[in-house]
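# Working through the structure, step by step
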Amino acid sequence: MTQPRAVTCPSCGGSIEIRAAGYTVTLGCRYCGSVLDVAHEDVRLIKAYRRAVKNFAIAPGARGTLFDVEWEVIGALRRRSAESGDWQEFLLFNPYSGYRWLVLAGGEWQFGTMLLDRPENGPRSVSWRGGDYVRGDSETATTVTVLGEFYWKIARGDEARATAYTRGAEVLSCESTADETNWTQLIPLDDSAVSAAFAVERKFVGAPQRRARRNDTDDLPMMFLFALIALLAVGLVQELVSRPRVCTESTSEIIVGAPSFTTRIGTLEVRRAYQFVTISAISSNINNRWIDLDYSLVNRQTQQSIDAYGLIEYYTGTDSDGPWTEGSTSAETLIASVPRGTYDIYLDGGAHGWPNDPSVTVKQVKPDEWTVQTSADAENPWAPPEKVTVWFTACTGGFSWGMFWLIGFLLFAVPGAMLWWRHREDD
Amino acid sequence: MTLRLKLFTAWCLFLVATSGVASYYGWSLFADSASTSSSSGGARGPTHK
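Fair warning: this is a prediction, and the values are worked out from it, not measured in the lab.

Parameters at a glance
Residues numbered from 1 in each chain as written. Chains lettered and ligands numbered in written order. Predicted model: local features only at pLDDT ≥ 70, side-chain atom pairs only at ≥ 80, totals over all residues. Helix = DSSP H or I, 4+ residues; strand = E, 2+ residues; numbered from the N terminus. Buried ≥ 20, exposed ≤ 12 C-beta atoms within 10 Å, placed from the backbone. pLDDT = per-residue confidence, 0-100. Contact = placed C-beta atoms within 7 Å. Nonpolar A, V, L, I, M, F, W, Y, C, P; charged D, E, K, R; others polar. Core = buried A, V, L, I, M, F, W, Y, C linked by C-beta atoms within 7 Å. Pairing = 2+ DSSP bridges. Axes fitted to C-alpha atoms, helices over the stretch in contact; angles between N-to-C directions. Expected span 1.5 Å × (residues − 1). Arc of directions from axis to C-beta.

## Let's talk about the overall build of chain B
Each helix and strand in chain B was counted, giving one helix and zero strands. Residue burial in chain B is summarised as follows: out of 49 residues, 24% are buried.

Right, dumping it as structure tokens:
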């Protein structure tokens, strides 16, 4: 081996050995993972990355003997294409034999030698040293991870157009970029031969694991599509299965600041064993007011009551940031698991003002008759009390948005976690 | 179709079926039933400031 040269990483200060001194242009720091451009004397920092080594089958720096030559792994790449998924490429170096490639794709190893003589092009094949190689599919290979040393400038995101020409198990790989075209001869290598030569990470040994990784890329878009279809199905099922929908409507006027009062909104019949009941309340004329809505569904047969609560609140104002609004003029209350039966729906409602209730006076003029006076308007103490109008619609059936979004989360969590894991590995 | 995609499809079908059964019986984790009323006391107002 050549005499190694040491450089200091500007990111972490660690001392890094350049094994192919004079040839290496790009170098990855083994301590902090930064990629350095050693072509410049000041060793410029290009980009930092982490956890790169453990994603490779063989760590840079490993040495092993293949074809009676001792090779040192000086660089490692992870590359990806839409058609083939992920694969790994290792740059081998020997000072007397030069550079070679070790490729791990689909769980199978290949040994690559760069061609110095170009094959002769045919219409659907190429000819090289007396052999014809049939053209296969072309794909765009993107570099995902860079680790170690290389004799050319390389960075994550680099793309090349790759075409494979096959002759039996032997492959000629043609990679083209805007600047150059390189040909490489790839011959298959036995898994055991590579494992005997280098310390291969256990998780990368054997084809099944690698094939599983290729599937990461293949079926993830389908999983997202299935999750979306399932979410739409959940919405449709909720809407259809919660029927039949029978409604009753009512309108009430509530005096702001007065004690709460009770009124009957209407009657509903639940025809199934259990059903949702949804009560919608809309008020169009409230501002800086809130309305407490206590509902009671009283079963006519058993006189048992099911209680629920709704709230309408709407506020406006102006501050240093300008005008603002908060709240809503409507409220929807979902009552779950209402058993079969006929129900009278009662409302115990009260409206209030913000920041203060208008001052009201309630007088009993007859045993069953009350009058309410307001003194909010100081100039007109006999002004009529402020009232808010609320329209109620109570229906059997309903749509639980909470359940819809919870199931949506559970559906997308699986492919989402897989996508996150893949990108975590890439970093 | 990979084994993983088959398992995920089964998971999707399970969730759709669960949603259907929950809707049929009018059951939800996020219902407003039996919520505590605030009409008995406690002032309200804007909370964004």
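## Regarding unusual backbone geometry
All names here are of chain A. For the bond from Arg243 to Pro244, the omega torsion is 10°, close enough to zero to count as cis. Within the element layout of this structure, Pro244 appears in the loop between α2 (207-241) and β17 (247-255). One non-glycine residue with positive phi stands out, namely Arg129, at about 50°. In this structure, Arg129 sits in the loop between β12 (125-128) and β13 (131-148). For Gln303, which is not glycine, the phi torsion reads 60° and is therefore positive. One can find Gln303 in the loop between β19 (289-299) and β20 (305-319).

## Some remarks on the confidence of the model for chain A
All names here are of chain A. Averaged over every residue, the pLDDT of chain A is 83; residues scoring 70 or more account for 83%. With pLDDT under 50 throughout, residues 45-49 is counted as low confidence; its partners more than four residues away or in other chains account for 16 contacts. Contacts for the low-pLDDT stretch residues 207-217, under 50 throughout, to residues beyond four places or in other chains number 24 contacts.

## Structural notes on the interface of chain B and chain A
Listed as interface residues are 34 residues of chain B and, on the opposing side, 48 residues of chain A. Residues that form the side of chain B that touches chain A fall into these classes: 15 nonpolar, 15 polar and four charged.

## As for the environment of Ser127(A)
If you trace the backbone, Ser127(A) turns up in strand β12. With 38 residues separating them in the primary sequence, Ser127(A) and Tyr165(A) have C-alpha atoms 9.7 Å apart.

## Quick word on the nonpolar core
All names here are of chain A. Ranked by internal contacts, the top residues of the largest apolar core, which has 32 residues, are Val277, Ile291, Leu293, Ile312 and Ile335. Only β18 (261-283), β19, β20, β22 (330-353) and β25 (387-396) provide two or more residues apiece to this core. The dominant element in this core, judged by the number of residues it contributes, is β22, at nine residues. Counting 31 residues, the second largest nonpolar core, distinct from the first, contains Ile58, Leu77, Phe93 and Leu104.

## Re the sheet that holds β20(A)
All names here are of chain A. Pairing in this open sheet of seven strands is antiparallel, and the strands run β17-β25-β18-β22-β19-β20-β21 from one edge to the other. Each edge of the sheet is formed by a strand with only one pairing partner; in this case those strands are β17 and β21 (322-328). Between one strand axis and the next, the sheet turns by 15° as a mean value, whatever way the strands run. Pairing geometry for β20 and β21, over seven bridges, is antiparallel.

## Notes on helix α1 (residues 3-24) of chain B
Residue and element names in this part refer to chain B. For α1, spanning 22 residues, the distance from its first C-alpha to its last is 31 Å, which sits close to the expected 32 Å at 1.5 Å a residue. Taken together, the buried positions of α1 are Phe8, Cys12, Leu15, Val16, Ser19, Ala22 and Ser23. The arc that holds every buried residue of α1, seen down its axis, measures 130°, which confines them to one face. Exposed side of α1, more than 90 degrees from the buried face: Leu3, Lys6, Leu7, Ala10, Phe14 and Val21 are the residues found there.

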